[in-house]
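# Commentary on secondary and tertiary structure
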Amino acid sequence: MTGPSPALRLVQWASSTRTFAKLAPHVVPALDRAVHRLTGGKVLPSARMLPGLVLVSRGARSGLERRTPLACVPEDAAAATWILVGSNFGRPAHPAWTANLMAHPDVEVHWRGRTVPVHARLLKGEDREVAWAKVLRFWPPYATYQARVDREIRLFRLTRRG
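Residues numbered from 1 in each chain as written. Predicted model: local features only at pLDDT ≥ 70, side-chain atom pairs only at ≥ 80, totals over all residues. Heavy atoms only, no water.

### Regarding the overall build of the chain
How we decide: For helices the rule is a DSSP run of H or I covering at least 4 residues; for strands it is a run of E covering at least 2, with both sets numbered from the N terminus onward. Two residues form a contact once any of their heavy atoms are found within 4.5 Å.
Across its full length, the chain holds five helices and seven strands. Across the chain, helices and strands are ordered from the amino to the carboxyl terminus as α-α-β-β-β-β-α-β-β-α-α-β. Considering only contacts in the chain between residues 6 or more positions apart, those separated by 24 or more positions represent 64%.

Written as structure tokens, this is what we have:
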């Protein structure tokens with residue numbers, strides 16, 4: 001079995017740096033949102049490196065619609081099941097979208113040009129441990145993010161509703 005390509009290793013290294021953690025939250029989501037909107041939901045630039053979706057949720061306090069581009073770990077594309085990782089690029093606080101999912105777990109995702117209604121479940125205990133191992137195999141830099149913060153990174157499993 002071969003390892004990741006040199007280009008992928010470079011991206012993984014870069015995404016583990018503190019500089020990336022400072023810059024990426026301001027650049028990546030804004031670019032993703034703009035391109036996704038301009039292409040009618042067909043293109044998500046960050047998904048060129050990692051699978052990505054746009055989470056459409058309601059604000060935990062405001063109730064307003066929020067559109068958040070996120071990397072995801074597809075578990076079963078046919079069954080429309082994904083894992084979302086609340087890493088916040090290794091920054092100290094939980095990302096706001098995780099509170100939104102905890103307050104309003106029935107949401108939609110835009111995945112490869114389709115809108116899919118899903119239910120989000122915060123993973124705990126053994127479910128989280130199994131999913132975390134899968135997440136680390138998928139994208140090892142998440143381990144660096146976890147080591148950098150004094151909180152347990154939240155993991156959510158999204159499953160198709162209906």
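### Examining the side chain of Asn88
The criterion, for reference: A 1.4 Å probe rolled over the protein chains alone gives each residue an accessible area, and that area as a share of the maximum for its type sets the label: buried under 20%, exposed over 50%, partly exposed in between. Identification of polar contacts relies on pairs of N or O atoms within 3.5 Å, with a donor-acceptor requirement for protein atoms, meaning one able to donate a hydrogen and the other able to accept it, and with residues adjacent in sequence counted only if both atoms are side-chain atoms.
Inspection of the secondary structure assignment puts Asn88 in the loop between strand 4 (81-86) and helix 3 (96-103). The exposure class assigned to Asn88 is buried, which follows from its relative accessible area of 17%. Among the polar contacts made by the side chain of Asn88, one reaches the main-chain carbonyl oxygen of Ala93 at a distance of 2.8 Å. Setting aside residues up to four positions removed in sequence, Asn88 forms contacts with Ala93, His94, Pro95 and Arg151.

### Examining the nonpolar core
Spelled out, the test is: By convention a nonpolar core is built from buried Ala, Val, Leu, Ile, Met, Phe, Trp, Tyr and Cys residues, the set being connected through side-chain atoms within 4.5 Å.
Grouped together as the largest cluster of nonpolar side chains are 17 residues, with contacts concentrated most on Leu53, Leu55, Trp82, Leu84, Leu101, Val109 and Leu158. Every element with two or more residues in this core is listed here: strand 1 (52-58), strand 4, helix 3, strand 5 (106-111), strand 6 (114-122) and strand 7 (154-160). Discounting residues that sit within four places of it in the chain, Leu158 has contacts with Leu53, Ala80, Thr81, Trp82, Leu84, Val109, Val118, His119 and Ala120.

### Re the packing of helix 4 (residues 125-138) against helix 5 (residues 141-148)
Each pair of packed helices can be summarised by the angle the axes make with each other and by the distance between the axes. Keep this limit in mind: Interaxial angles span 0 to 180 degrees and are taken between N-to-C directions of axes, which are lines fitted to C-alpha atoms, for helices over the stretch in contact. Any angle that is under 35 degrees is reported as roughly parallel, and any over 145 degrees as roughly antiparallel; angles of 65 to 115 degrees are reported as roughly perpendicular and all others as oblique. Only Asp, Glu, Lys and Arg are considered charged, only Ala, Val, Leu, Ile, Met, Phe, Trp, Tyr, Cys and Pro nonpolar, and every remaining residue, Gly among them, polar.
At a minimum axis separation of 8 Å, helix 4 and helix 5 run at an interaxial angle of 125°. Taken together, helix 4 and helix 5 sit at an angle that is classed as oblique. Contacts from Arg128, Trp132, Val135 and Leu136 of helix 4 reach helix 5 at Tyr142, Ala143 and Gln146. Residue composition of the contact of helix 4 with helix 5, by class: five nonpolar, one polar and one charged.

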